[in-house]
Amino acid sequence: MKGMSLIVKTITNIMIGFIFLYGVYIILHGHLTPGGGFAGGVIVAGVFVLRYLAFGGSKAGEKKSSITASVFESVGALLFVIIALLGLLIAGVFFFNFLPKGTPLYLLSAGIIPFCNIAIGIKVGAGLFSIFLALAAFKYIMED
Amino acid sequence: MIELYLFLIFMLVAAIIATEIKDLLAAVISLGAVGFSVAIMFILVQAPDLAIVQIVVEVLTIVIFVAVILKTTHIDETIAEKFSGTQVLATVLYAVFAILFFIAMVRAMNDIPPFGQATMRVAGQYIRLGLPRAGGANLVADVILDFRALDTLGEATVLFTSVIGVVALMRKIGRRQK
């Protein structure tokens, strides 16, 4: 896929870091403010879609990023299940909130909820980008 | 309350335009109007979590739709000038089903509580125990990742399913040759 004009590329270069940071902020503050793993993950996936649309992608690059995206999606799902199984091991209940609750409204509070948010954020971000790649670069990924 | 109904009427009009218009780019923009109205309605009924997700997903889908349309064609060739017999039959059957469904729905509506005054049997417990039991300041996060985390585990597989759907739709091997 071809890239876009120089104006789009320059603006993308300036904005891309800020959008990524905003996505990470939404994920990390999911237990304090509106948002969470799903919303932040979609914003992070949007960063990669924007980069792909603005700069275009080569055949090798698309293949490589599809593999990376599927690895990250699996890692996110595994993290989520591991947190759930830790609850089963420690307290005998699947998804038990085994960590200390801490003071409400602090970043490190609410036990396992922020870690679940991070796992879902990774999973949703990688998963949504791999849907986009499956639509955009299907020919190259499936060639062999 | 009245603004919710205004948005509902606007959404209905935009949805009908999206299905009937011949220019696909205009259809996608009308679809976007429906999606953003849903986001505004979420804000009006005080659900910012859902509004954020709705806005972000809507932007991403419209970008993907527009990218596809720019690469392929603007004109929708599936809208027929004349209706065939099967189309008329399907429309009549659909209308009959819709009327039956509407009658059943009106009878069922008498039994549910009025808008904005839910019985809150389960939700009341969530609101009462959310902060002391789960400890998160955002009640939505408490519900979806503590009280109902198993539900979220199932929801997390939805994206994986949709990747499989895309691959199954676009594959060449295993499809019957014409």
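Residues numbered from 1 in each chain as written. Chains lettered and ligands numbered in written order. Predicted model: local features only at pLDDT ≥ 70, side-chain atom pairs only at ≥ 80, totals over all residues. Heavy atoms only, no water.

If you open the UniProt record of chain B and go to Subcellular location (unreviewed entry), you find "Cell membrane". (UniProt positions renumbered as here; feature names shortened; annotations may be inferred.)

Participant: What is the right way to read the overall build of chain A from this model?
Facilitator: Looking only at helices and strands, chain A has 5 helices and 0 strands in total. Listing each helix as α and each strand as β along chain A from the N terminus yields α-α-α-α-α. Burial status across chain A gives 43% buried among its 144 residues. Of the contacts formed within chain A by residues at least 6 apart in sequence, a portion of 68% connects residues at least 24 apart. (Helix = DSSP H or I, 4+ residues; strand = E, 2+ residues; numbered from the N terminus. Buried < 20%, exposed > 50% of the residue type's maximum accessible area, 1.4 Å probe, protein only. Contact = heavy atoms within 4.5 Å.)

Participant: For this particular structure, what's the right way to read the overall build of chain B?
Facilitator: Each helix and strand counted, chain B has 8 helices and 0 strands in total. Ordering the α and β elements of chain B from the N terminus gives α-α-α-α-α-α-α-α. Relative to the 2.2 N^0.38 estimate, which gives 16 Å for 178 residues, the radius of gyration of chain B is 22 Å and therefore markedly larger than a compact globule would have. Principal-axis analysis of the C-alpha atoms gives chain B an extent of 60 × 45 × 30 Å. The buried share of chain B, reckoned over its 178 residues, is 22%. Contacts in chain B between residues at least 24 apart in sequence constitute 48% of all its contacts with a sequence separation of at least 6. A total accessible area of about 13100 Å² is found for chain B, and carbon and sulfur atoms account for 72% of it. Both charge centroids of chain B, one from 13 positive and one from 13 negative side chains, sit 12 Å from each other. (Rg over C-alpha atoms; globule rule 2.2 N^0.38 Å. Areas by Shrake-Rupley, 256 points an atom, 1.4 Å probe, with all protein chains shown as cover. Lys, Arg positive; Asp, Glu negative; His and termini not counted. Charge placed at Lys NZ, Arg CZ, Asp CG, Glu CD.)

Participant: Before we go on, may I ask you to explain the UniProt feature "domain: MrpA C-terminal/MbhD" (unreviewed entry) in chain B in this structure?
Facilitator: Under the present numbering, the feature "domain: MrpA C-terminal/MbhD" (unreviewed entry) in UniProt falls on residues 9-72 of chain B. Along residues 9-72 of chain B, the helical share is 89% and the strand share 0%, with 32 Å between the first and last C-alpha atoms.

Participant: Help me understand the interface of chain B and chain A, please; the structure alone is not making it clear to me.
Facilitator: By a frequent convention, interface size equals the accessible area lost on bringing the separate parts together. With 35 residues of chain B in contact, the opposing surface of chain A contributes 39 residues. Here chain B and chain A share an interface that buries about 3100 Å² over both sides, 81% of which is from carbon and sulfur atoms. Linking chain B to chain A there are 0 salt bridges. Put simply, chain B and chain A have 5 residue pairs in polar contact (both at pLDDT 80 or more) between them. A per-element tally of the side of chain B that touches chain A places helix H3 (residues 48-71) of chain B first, with 10 residues. Of the residues contributing to the side of chain B that touches chain A, the split by class is 24 nonpolar, 6 polar and 5 charged. (Buried area = accessible area lost by both parts, 1.4 Å probe. Salt bridge = Lys/Arg side-chain N within 4 Å of Asp/Glu carboxyl O. Polar contact = N/O pair within 3.5 Å; in protein donor to acceptor, adjacent residues only side chain to side chain. Nonpolar A, V, L, I, M, F, W, Y, C, P; charged D, E, K, R; others polar.)

Participant: How do you make sense of the packing of aromatic side chains when you look at a structure like this?
Facilitator: For any pair of aromatic rings, the description rests on two quantities: the centre-to-centre distance and the angle between the ring planes. Residue and element names in this part refer to chain A. Going through the model one piece at a time under the given rule, you end up with 7 aromatic pairs over all chains. Each ring, one from Phe 20 and one from Phe 48, has its centre 6.4 Å from the other, and the planes form 85°; the classification is edge-to-face. Pair noted here: Phe 20 is in helix H1 (residues 6-28) and Phe 48 is in helix H2 (residues 37-55), with a separation of 28 residues, a long-range link. On the basis of relative accessible area, Phe 20 is assigned to the partly exposed category, the value being 35%. Taken together, a centroid distance of 6.4 Å and an interplanar angle of 20° make the contact between Phe 129 and Phe 132 stacked. (Phe/Tyr/Trp six-rings, centres within 6.5 Å; stacked < 30°, edge-to-face > 60°.)

Participant: Just to check I follow, could you spell out unusual backbone geometry for this structure?
Facilitator: Residues and elements named next belong to chain B. At Gln 46, a residue that is not glycine, the phi angle is positive and equals roughly 60°. With respect to the secondary-structure elements, Gln 46 resides in the loop between helix H2 (24-44) and H3. The exposure class of Gln 46 is exposed, given its relative accessible area of 70%.

Participant: Please explain the packing of helix H1 (residues 2-20) of chain B against H2(B) as it appears in this structure.
Facilitator: Two quantities define a packed helix pair, namely the angle between the axes and the distance from one axis to the other. Residues and elements named next belong to chain B. Two elements in contact, H1 and H2, have axes whose closest approach is 8 Å; the angle formed by their N-to-C orientations is 160°. When the interaxial angle is binned, H1 and H2 end up roughly antiparallel. Taken as a pair, H1 and H2 cross one another with a handedness that is left-handed. Contacts between H1 and H2 involve Glu 3, Leu 4, Phe 7, Leu 8, Phe 10, Met 11, Ala 14, Ala 15, Ile 17 and Ala 18 on the former and, on the latter, Ala 27, Ser 30, Leu 31, Ala 33, Val 34, Ser 37, Val 38, Ile 40, Met 41 and Leu 44. Residues belonging to the contact of H1 with H2 are distributed by class as follows: 17 nonpolar, 2 polar and 1 charged. (Axes fitted to C-alpha atoms, helices over the stretch in contact; angles between N-to-C directions. Parallel < 35°, antiparallel > 145°, perpendicular 65-115°, else oblique. Left-handed = near helix turned anticlockwise from the far one by under 90°.)

Participant: Can you walk me through helix H4 (residues 113-136) of chain A in this structure?
Facilitator: One turn of an α-helix holds 3.6 residues; hence residues three or four places apart share an orientation. The first and last C-alpha atoms of H4(A) sit 34 Å apart over 24 residues, in line with the 34 Å expected at 1.5 Å per residue. Burial analysis of H4(A) places 19 of its 24 residues in the buried class, the great majority of the element. (Expected span 1.5 Å × (residues − 1).)

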